[in-house]
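Listed below, chain by chain, are the residues.
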Amino acid sequence: MAKRDYYEVLGVNRDASEEDIKKAYRRHAMKWHPDRNPDNPKAEDHFKECKEAYEILADANKRAAYDQFGHAGIDPHAGGGAGAGAGFGDIFSDIFSDIFGGARGGAGRSTVFRGADLRYNMELALEQAAHGFETKIRIPAAATCETCKGSGARAGSQPTSCPACRGAGQVRISQGPFSIAQTCPRCHGSGSIIPNPCATCSGTGRVKLQKTLSVKIPPGVDEGDRVRLSGEGEPGVNGGPPGDLYVQVHIKPHAVFQRDHDDLHCEMPISISTAALGGEISIPTLDGSAKIRVPAETQSGKTFRLKGKGIKGVRSQFPGDLFCHVVVETPVSLTERQRQLLREFESLSAQDSARHNPRAKGWIDKMKEFFEG
Ligand SMILES: [Zn+2]
Ligand SMILES: [Zn+2]
C-alpha cells in the first residue's frame, strides 16, 4: 500500500503552522488512540500513521526534508511497524501528558531508543550547489569490536560474575543504623567484570572508527538545505533503529555572484565611454559567459536581466534569472593626454550642460527650489 501524504494524514494544508499541525495531531491521535478504540484493530494503524506524520511535520528539519524530497527524503523503510511500542513514548509524553494526565497506557514497554540524529556541515561553492555535487565524507562511528565480537573479553576468556556484588550489580553499605543500596563501583552495575579485557577495545566491546559515506547533493540546493542520509546517525539503544545523518549545506560567498533564492546578482562595471557610446560586453555566468549589448547613454544603476541564467532550485520548475547591475566607473590613473581630452570634452559639454547632463540639471533645479522655498 502506498504511503499517504503526511499532510493528508493530519488533514492540514502544506503551509499549516506548527500550532495547526499540533492541534490536528491532537485531534486525530485522540480519535485513534488504541486505549480509546479497544475493539477497532485498525485504530492502532491509524494512530501510528498520525504519529509518524506528526513526528515528521513537527520537526522543522524533517518537515523541510519531506517537503523537499517527499517520503523518499524521510525514510524509505519507515512505517513498516518499526518500534510500534517503542515509539509511542517520545512525543506521547510531550502532547498527551496533559490529555491523559501523564498516564501512559500499556505496560511492559522496554527501553528502546532510536539513535540520535547527527549533523554534518558541508561547505559548497556556489557552482557546486547549482550543478549538484557528489562526494564522500568521513564521519566517526562506533562499531562492534571484531576481535572479541563485542564481549569485551580477550580471546579464550569470558566475563565473570563480579566478586564485589556477586553479580547483583548493587552493593549494600552500612552507614550507622542504615543500610543503603548502591550501584556496585567495581562493575558499575552490570554484575559482571572482564578479568582479561580485549586488547583491541580495552574491554568496551566497541571500537571507534571512521566510516566513509557517499553523499549526493542535488542540483539547486541553497543555504540551510539539508540532505538526509537515512539510518546513518548514531546506533539505537537496545535494538532501536539508528538515527539519521543530516548533511547541512552552507554556501561559500562567491567572488562575482550573490544569490537570492533562484536568482543571481552581479555588479557590471562599464567604462564612461561604453556607457555613453554603447557597446557589447562579456559577462560571466555560472555556465560560462554571455554577451550583453549595452545601449548608448546607459546610466549607473541600470539592471540587465538575463532570463534563465540563474539557478534552478531543488524545488523549482524553472531556473531563476541573472541580474547585472551597471556601475559606470570613473577612470583612474590618467595620463596627461587623457586629462587634456577630458578637459576639452568638459568645455564642449559646458556649452549645453543641461542637455548633456539632465540628471545634474534636475538636481540643481530641485536644490534651488529647496533653498528658495
Ligand atoms: Zn574487543
Ligand atoms: Zn559488581
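Preceding this section is the structure that the text describes.
In this report, we go over the structure that sits alongside the text. Everything numeric in this text was worked out from a predicted model, so none of it was measured.

1. A word on the coordination of the zinc ion (ligand 1)
Piece 1. At this site the zinc ion (ligand 1) is bound by Cys145 (SG), Cys148 (SG), Cys198 (SG) and Cys201 (SG), with donor distances of 2.2 to 2.3 Å.
Piece 2. If you look at the zinc ion (ligand 1), its four donor atoms make angles of 102 to 117 degrees with each other, and the shape they trace is tetrahedral.
Piece 3. Here the donor residues of the zinc ion (ligand 1) are spaced in sequence according to C-x2-C-x49-C-x2-C. Residue cysteine 145 is located in the loop between β2 (133-144) and β3 (160-161), and its partner cysteine 201 is located in the loop between β6 (192-193) and β7 (206-217); the two are separated by 56 residues in the primary sequence.

2. With respect to the environment of leucine 245
Piece 1. Mapped onto the elements, leucine 245 comes out in strand β9 (residues 245-251).
Piece 2. Once the C-alpha coordinates of leucine 245 and alanine 116 are considered, the two residues, 129 residues apart in sequence, prove to be 8.9 Å apart.

3. Brief notes about the pattern of salt bridges
Any two side chains of opposite charge can pair if their charged atoms end up close together.
Piece 1. Tallied over the full model, the rule gives 15 salt bridges.
Piece 2. Across the salt bridge formed by arginine 343 and glutamate 336, the nearest N and O atoms sit 2.8 Å from each other.
Piece 3. Overlapping salt bridges bring together Arg114, Asp117, Arg228 and Asp244 as one network.

4. A word on the sheet that holds strand β11 (residues 263-271)
Piece 1. Spatially, four strands are ordered β10-β11-β15-β14 in an open sheet, and the strand pairing comes out mixed. Each having just a single partner strand, β10 (258-260) and β14 (303-306) make up the two edges of the open sheet. Strand-to-strand, the axes of this sheet are offset by a mean angle of 30 degrees, without reference to chain direction.
Piece 2. Pairing of β11 with strand β15 (residues 322-329) involves eight bridges; the strand directions are parallel. Counted as the bridge partner of histidine 265 is phenylalanine 323 from β15.

What counts and what doesn't
Residues numbered from 1 in each chain as written. Chains lettered and ligands numbered in written order. Predicted model: local features only at pLDDT ≥ 70, side-chain atom pairs only at ≥ 80, totals over all residues. Heavy atoms only, no water. Donors = N, O, S within 2.8 Å, 3.2 Å for Na, K, Ca; no water. Tetrahedral: all angles 85-135°; square planar, octahedral: opposite > 155°, others 65-115°. Helix = DSSP H or I, 4+ residues; strand = E, 2+ residues; numbered from the N terminus. Salt bridge = Lys/Arg side-chain N within 4 Å of Asp/Glu carboxyl O. Pairing = 2+ DSSP bridges. Axes fitted to C-alpha atoms, helices over the stretch in contact; angles between N-to-C directions.

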